[in-house]
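Residues per chain, in single letters:
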Amino acid sequence: MNDKQLEKFREILLKKRNDLQDEIKDISEGEIQSSLLESSGGLSGYPDDPGNVAGDNFEKAKDIDILEMLTNKLEEVQEALEKIDSGSYGTCEVCSKTIPQSRLKAKPSAKLCVNCKKDSE
Ligand SMILES: [Zn+2]
């Protein structure tokens, strides 16, 4: 891969990193707000409606799942960016073959070639 192509992937990855960081921030701030609301509700002394509590917990569990997924993706993107800096971007971590650019375009943070990915699943 030449420098120009690498720069293009770096741009894509940097944009992806920004997007992911924004999403993570949005969800984390939502979490803080809802836990603040909960603690103030607790002080009022009124018992919570059990229906609402179940709904809240469900929403929260979903948020945590999404947050975990986003954090994993962010780590992958970060690793790919470090690889661009170290010159190993686009090389399969298992067989050391070049990952085809068509695959990198579909998944810029790919660490394995299609064959090794198949084997690891
Ligand atoms: Zn491979």
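Rules and cut-offs
- Position numbers for residues count from 1 along each chain, tracking the sequence in the order it is written.
- Confidence filtering applies because this is a predicted model: local features only for residues at pLDDT of at least 70, side-chain atom pairs given and counted only at 80 or more, and all residues used for totals across whole chains, interfaces and linings.
- Side-chain figures throughout are based on the complete set of non-hydrogen atoms in the structure, without hydrogens or water.
- Secondary structure elements are taken from DSSP: a helix is a run of H or I of four residues or more, a strand is a run of E of two residues or more, and numbering for both begins at the N terminus.
- The buried label goes to any residue with under 20% of its type's maximum accessible area, the exposed label to any with over 50%, and the partly exposed label to all in between, with areas taken from a 1.4 Å probe on protein chains only.
- Each accessible area is a Shrake-Rupley estimate made with a 1.4 Å probe; only the visible protein chains count as cover when residues are assessed.
- Contacts were defined at the residue level, with two residues in contact if any of their heavy atoms lie within 4.5 Å.
- In this analysis a donor is any N, O or S atom within 2.8 Å of a metal ion (3.2 Å for sodium, potassium and calcium), and since water is not included, sites may seem incomplete.
- Just to be clear on the cut-offs, tetrahedral is four donors with all angles between 85 and 135 degrees, square planar is four donors and octahedral six with opposite donors over 155 degrees apart and all others between 65 and 115, and anything else goes down as irregular.
- Here, the term nonpolar core denotes a set of buried Ala, Val, Leu, Ile, Met, Phe, Trp, Tyr and Cys residues that are joined through side-chain atoms within 4.5 Å.
- All the domain ranges listed were derived from an automatic or database domain assignment.
- By definition here, a salt bridge exists when the distance from a side-chain nitrogen of Lys or Arg to a carboxyl oxygen of Asp or Glu is within 4 Å.
- Two aromatic rings, drawn from Phe, Tyr or Trp (for Trp, its six-membered ring), form a pair once their centres lie within 6.5 Å of each other, and the interplanar angle then sorts them: stacked below 30 degrees, edge-to-face above 60, tilted otherwise.

Caption draft 1: Just the overall build of the protein, in detail. Counting secondary structure elements, the protein contains four helices and zero strands. Here the protein holds 121 residues, and the buried ones make up 21% of them. For the protein, the exposed area adds up to about 8,600 Å²; of that, 53% sits on carbon and sulfur atoms.

Caption draft 2: Main features of the side chain of K83. Note that K83 resides in helix α2 (residues 50–86). In this view, K83 contacts S88, Y89, T91, E93 and K111; residues no more than four positions away in its chain are not counted.

Caption draft 3: Highlighting the coordination of the zinc ion. The coordination sphere of the zinc ion, as far as protein atoms go, consists of C92 (SG), C95 (SG), C113 (SG) and C116 (SG), spread over 2.2 to 2.3 Å. Considering all four donor atoms around the zinc ion, angles at the metal cover 104 to 116° and the coordination shape is tetrahedral.

Caption draft 4: Fine view of the nonpolar core. L13, I84, Y89, C92 and L104 are the most contacted members of the largest nonpolar core, which has 20 residues in total. Elements with a minimum of two residues in this core: α1 (3–43) and α2. Among the domains, domain 1 (3–89) and domain 2 (90–121) are the pair contributing at least three residues each to this core. When near neighbours in sequence (up to four residues on either side) are disregarded, C92 contacts K97, I99, K111, L112, C113 and C116.

Caption draft 5: Local environment of the pattern of salt bridges. One pass over the structure, following the stated rule, counts seven salt bridges. The salt bridge involving E7 is made with R10; its shortest N-O contact spans 3.3 Å. Of this pair, E7 and R10 both sit in helix α1, three residues apart, roughly one helical turn. On the basis of relative accessible area, E7 is assigned to the partly exposed category, the value being 40%. On the accessibility criterion, R10 (23% relative accessible area) is partly exposed. When the shortest N-O distance is used, the salt bridge between K107 and E76 registers 3.2 Å. Within this pair, whereas K107 is found in the loop between α3 (101–106) and α4 (114–120), its partner E76 is found in helix α2, the two being separated by 31 residues in sequence. Judged by relative accessible area, E76 falls into the partly exposed class, the value being 26%.

Caption draft 6: Region of interest: the packing of aromatic side chains. Within this structure, the stated rule accounts for one aromatic pair. Seen from their ring centres, F9 and Y89 are 5.6 Å apart, and the 50° between their planes marks the pair as tilted. Here Y89 lies in the loop between α2 and α3 and F9 lies in helix α1, a separation of 80 residues in the sequence. This pair shows no difference in class: F9 is buried, exactly as Y89 is.

Caption draft 7: Representation of unusual backbone geometry in the model. Of note in the backbone geometry, S96 takes a positive phi value of approximately 65° without being a glycine. Take S96: it is sitting in the loop between α2 and α3.

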